[in-house]
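Chain residues, written in single-letter form:
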Amino acid sequence: MNVPDFDACVSFESPVGNVNLYSNNDKVVFLTMGDKAVSDWGKSKVLAQAKKQLVDYFKGKNKVLDFPVSYKGTAFQEAVWREIARLTWGETTTYAEIAEAIGNPKAVRAVGGAVGSNPVPLVVGCHRVLGASKKITGYSGGDGIPTKKWLLAHEAIEYRD
């Protein structure tokens, strides 16, 4: 994954552990969950906006995360992330559906890799991607599967273990 340069950072506690938000040029470029808190540094208007939207998301008061983001990956990764970003609160898709939507139906495993390297989870809601028959197949954010289960339950999304 290409890790972008950062010009500011903010950290806050959430139900899925600590959330660290990093920005560059007033866009969120990286988000982690469950990592050790980092000291806030730098100045960025987008971080205050993102933190407020995310805090409200975790409280169930906000179902839309629309603060500015920027991500860089391969053309394939970015196609996958754009497809995931179309999903809204409570909507799901599968790895196979994403592969089909981006015109590469045989790339299901590669889609899984791209989903796992998403630099801005929650905004690009990779927790909403499930395996066939709504099965949870993995999650790289926070504490992994427990974090994904919490996010799915929070959005009232049904799934299978």
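Our structure is the block above this text.
For every chain, the first residue of its written sequence is number 1, and the numbers climb from 1 along that sequence. With pLDDT at 70 or above as the cut-off, local features in this predicted model cover only qualifying residues; side-chain atom pairs require 80 or more to be listed or tallied, and sums for whole chains, interfaces and linings still use all residues. The basis for every side-chain value is the complete set of heavy atoms in the structure, and neither hydrogens nor water enter the calculation.

**Considering the nonpolar core**
Formed by 37 residues in total, the largest nonpolar core has its most connected members in Leu21, Leu54, Phe58 and Leu122. The secondary structure listing takes helices from DSSP runs of H or I that are at least 4 residues long and strands from runs of E that are at least 2 residues long, numbered from the N terminus. Only β1 (8–14), β2 (17–24), β3 (27–33), α1 (45–58), α2 (75–85), α3 (95–101) and α4 (108–116) provide two or more residues apiece to this core. At six residues, the largest contribution of residues to this core is made by α1. Throughout, a residue-residue contact means that at least one pair of heavy atoms, one from each residue, lies within 4.5 Å. Setting aside residues up to four positions removed in sequence, Leu122 forms contacts with Leu31, Met33, Leu54, Tyr57, Phe58, Leu65, His127, Arg128 and Leu151. Definition of nonpolar core: a set of buried residues of the types Ala, Val, Leu, Ile, Met, Phe, Trp, Tyr and Cys, connected through side-chain atoms within 4.5 Å. Summary of the burial criterion: residues with accessible area below 20% of their type's maximum are buried, those above 50% are exposed, and those between are partly exposed, where the area comes from a 1.4 Å probe applied to protein chains only.

**Description of the sheet that holds β2**
Overall, antiparallel pairing links the four strands, which are arranged β3-β2-β1-β4 in an open sheet. Among the strands making up the open sheet, the edge pair consists of β3 and β4 (41–42). At least two DSSP bridges between two strands are required for those strands to pair. One ladder, built from seven bridges, connects β1 with β2; its direction is antiparallel. Counted as the bridge partner of Ala8 is Ser23 from β2.

**Details of the environment of Ala37**
Tracing the sequence through the fold places Ala37 in the loop between β3 and β4. Those residues in contact with Ala37 that sit more than four places away from it in its chain are Ser11, Asn18 and Asn20.

**Regarding α2**
Of all the positions in α2, only Gln77, Ala79, Val80, Trp81, Glu83 and Ile84 are classed as buried. Looking at the buried side of α2, the elements it contacts are α3, α4 and β6 (129–130).

**Some remarks on α1**
An expected span of 1.5 Å times one less than the residue number is assigned to each helix. Helix length check: α1, at 14 residues, gives a terminal C-alpha distance of 21 Å against a target of 20 Å (1.5 Å per residue), a fit within 8%. For α1, the complete set of buried residues consists of Val46, Leu47, Ala50, Gln53, Leu54, Asp56, Tyr57 and Phe58. Elements that come into contact with the buried residues of α1 comprise β1, β2, β3 and α5 (145–154). Gly60, located one to two residues past α1, shows a positive phi value of around 80°.

**Describing the pairing of β1**
Buried residues dominate β1, accounting for six of its seven residues. The hairpin formed by β1 and β2 contains two residues between the paired strands. Both β1 and β4 contribute to a ladder of two bridges, which runs antiparallel. Following the sheet pairing, Ala8 is matched in β4 by Gly42.

**Observations regarding the pattern of salt bridges**
Between Lys or Arg on one side and Asp or Glu on the other, a salt bridge is scored when a side-chain nitrogen of the former is within 4 Å of a carboxyl oxygen of the latter. Inspection of every chain in the model, using the stated rule, returns four salt bridges. For Lys52, the salt bridge is made with Asp56, and the minimal N-O distance between the two is 2.8 Å. Separated by four residues within a single helix, Lys52 and Asp56 lie in helix α1, roughly one turn from each other. Overall, Lys52 belongs to the exposed group, its relative accessible area being 54%. Residue Asp56 is classed as buried on the basis of its relative accessible area of 17%. Across the pair Asp161 and Lys149 runs a salt bridge whose closest N-O atoms are separated by 2.8 Å. Of the two residues, Asp161 is situated in the segment after α5 and Lys149 in helix α5; the sequence distance between them amounts to twelve residues.

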